[in-house]
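Here is what each chain is made of, one letter per residue.
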There are 2 protein chains.
Amino acid sequence: MNFIAEIVIMPLKELLDPQGKAVEHSLQKMSFKEVDDVRIGKHITLKIAANSKEIAQAKVEEACKKLLANPIMEGYRYELKEA
Amino acid sequence: MNFIAEIVIMPLKELLDPQGKAVEHSLQKMSFKEVDDVRIGKHITLKIAANSKEIAQAKVEEACKKLLANPIMEGYRYELKEA
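Starting from 1, residues in each chain are numbered consecutively following that chain's sequence as written. Each chain is given a letter, starting from A, and each ligand a number, starting from 1, according to the order in which they appear as written. Selection of residues for local features in this predicted model requires a pLDDT of at least 70, selection of side-chain atom pairs for listing and counting requires 80 or more, and totals for whole chains, interfaces and linings are taken over all residues. Hydrogens and water are ignored here; the side-chain numbers use all heavy atoms of the structure.

## Section: the overall build of chain A
- Helices and strands together make up the secondary structure of chain A, namely two helices and three strands.
- Going along the chain from the N terminus, every DSSP run of H or I of four or more residues is numbered as a helix, and every run of E of two or more is numbered as a strand. Along chain A, from the amino end to the carboxyl end, the secondary structure elements read β-α-β-α-β.
- Whereas a compact globule of 83 residues would reach a radius of gyration of roughly 12 Å, chain A reaches 16 Å, over 25% beyond that.
- Each principal axis of the C-alpha atoms in chain A carries an extent, and together these give about 50 × 25 × 15 Å.
- The classification of residues rests on relative accessible area computed with a 1.4 Å probe and restricted to protein chains. Under 20% of the type maximum is buried, over 50% is exposed, and intermediate values are partly exposed. Here chain A holds 83 residues, and the buried ones make up 42% of them.
- In this analysis, two residues are considered to be in contact whenever any of their non-hydrogen atoms come within 4.5 Å of each other. Pairs at least 24 residues apart make up 73% of the contacts formed inside chain A by residues separated by at least 6 positions.
- We get accessible surface area from the Shrake-Rupley algorithm with a probe of 1.4 Å; when it comes to residues, only the shown protein chains can shield them. For chain A, the exposed area adds up to about 4,800 Å²; of that, 56% sits on carbon and sulfur atoms.
- Note that His is not counted, nor are the chain ends; the positive residues are Lys and Arg, and the negative ones are Asp and Glu. Every charge is mapped onto a representative atom, which is NZ of Lys, CZ of Arg, CG of Asp or CD of Glu. Of note, chain A has its 13 positive side-chain charges centred 3 Å away from the centre of its 13 negative side-chain charges. C-alpha atoms define the radius of gyration, and 2.2 Å times the number of residues to the power 0.38 defines the globule rule.

Have a look at this one:
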């Protein structure tokens, strides 16, 4: 079975997000004064072949831990659906 | 009222995504051979103050068009919920 994973990797809440701050300032200068708390992370989609959703989930979890997210600075969450 | 927008900006399907390809190759070398079609985009969250959800939506749409997404290379989608 094939699954599609949608993975969201965001800077941890406790940390400053310089990219988000830069975009926030740009937006506020551009007549978007009502915008606040901009945070920018990564959105990753991938296809994964596995015999069950549980196996696919374990693989995605491992991929996040080993390569996709930096646990010192980032948190991750994901959703899996059948392709 | 305050709203939280979750904005997803992804490279268009028609375009090659070099960052996604690089990560795909790394994963495949790291015992994730079952992974395919990796694509990497941006995930942006922001807070927006507006009198109604419609106004907030129009503002987020405008921000995506004017600053956040590059329409030549990227597509965007978003969800708004009350904070």
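## Considerations on the packing of helix α1 (residues 18-29) of chain A against helix α2 (residues 53-68) of chain B
- Between N-to-C directions, angles span 0 to 180 degrees; the directions come from axes that are lines fitted to C-alpha atoms, helices contributing only their stretch in contact. Running from N to C, α1 of chain A and α2 of chain B point in directions that differ by 110°, and their axes come no closer than 11 Å. Between α1 of chain A and α2 of chain B, the angle is such that the two are roughly perpendicular. Seen from α1 of chain A, the contacting residues are Val23, Ser26 and Leu27 of chain A; seen from α2 of chain B, they are Ala63, Leu67 and Leu68 of chain B.
- By residue class, the composition of the contact of α1 of chain A with α2 of chain B is five nonpolar, one polar and no charged. If an angle is under 35 degrees, it is roughly parallel; if it is over 145, roughly antiparallel; if it lies from 65 to 115, roughly perpendicular; otherwise it is oblique. Only Asp, Glu, Lys and Arg are considered charged in this grouping, and only Ala, Val, Leu, Ile, Met, Phe, Trp, Tyr, Cys and Pro are considered nonpolar; every other residue, Gly among them, is considered polar.

## A closer look at the interface of chain A and chain B
- On the chain B side, the residues contacting the 32 residues of chain A number 32 residues.
- Buried area adds together the accessible area that both of two parts lose upon being put together, with accessible area traced by a 1.4 Å probe. Summed over both sides, the interface between chain A and chain B buries roughly 2,700 Å², with carbon and sulfur atoms accounting for 65% of that surface.
- When residues of chain A are sorted by the area they lose upon contact with chain B, Glu34, His43 and Lys47 of chain A head the list and together hold 21% of the total.
- Take a side-chain nitrogen of Lys or Arg and a carboxyl oxygen of Asp or Glu: if they are within 4 Å of each other, that pair is a salt bridge. One can count eight salt bridges joining chain A with chain B.
- Here Lys47 of chain B ties to Asp37 of chain A by a salt bridge, and the two come within 3.8 Å at their closest N and O atoms.

## A few points about the pattern of salt bridges
- For the coordinates displayed, the defined rule picks out 16 salt bridges over all chains.
- The partner of Lys59 of chain B in a salt bridge is Glu34 of chain A, with the nearest N and O atoms 3.8 Å apart. Note that Lys59 of chain B is positioned in helix α2 and Glu34 of chain A in the loop between α1 and β2 (35-49), a pairing that runs across two chains.
- Residue Glu24 of chain B pairs with Lys21 of chain B through a salt bridge whose shortest N-O separation is 3.4 Å. Taken together, the residues Glu24 of chain B and Lys21 of chain B, both in helix α1 (residues 18-29) and three residues apart, mark about one turn of the helix.
- On the accessibility criterion, Glu24 of chain B (5% relative accessible area) is buried.
- Salt bridges here are not isolated pairs; linked through shared partners, they connect Asp36 and Asp37 of chain A together with Lys47 of chain B.

## Description of the environment of Val60 of chain B
Residues and elements named next belong to chain B.
- Inspection of the secondary structure puts Val60 in helix α2.
- Taking the C-alpha atoms as reference, Val60 lies 9.7 Å from Glu6; in sequence the two are 54 residues apart.
- Sequence-distant contacts of Val60, that is, excluding residues within four places in its chain, are made with Ala5, Ile7, Ile48, Tyr78 and Leu80.

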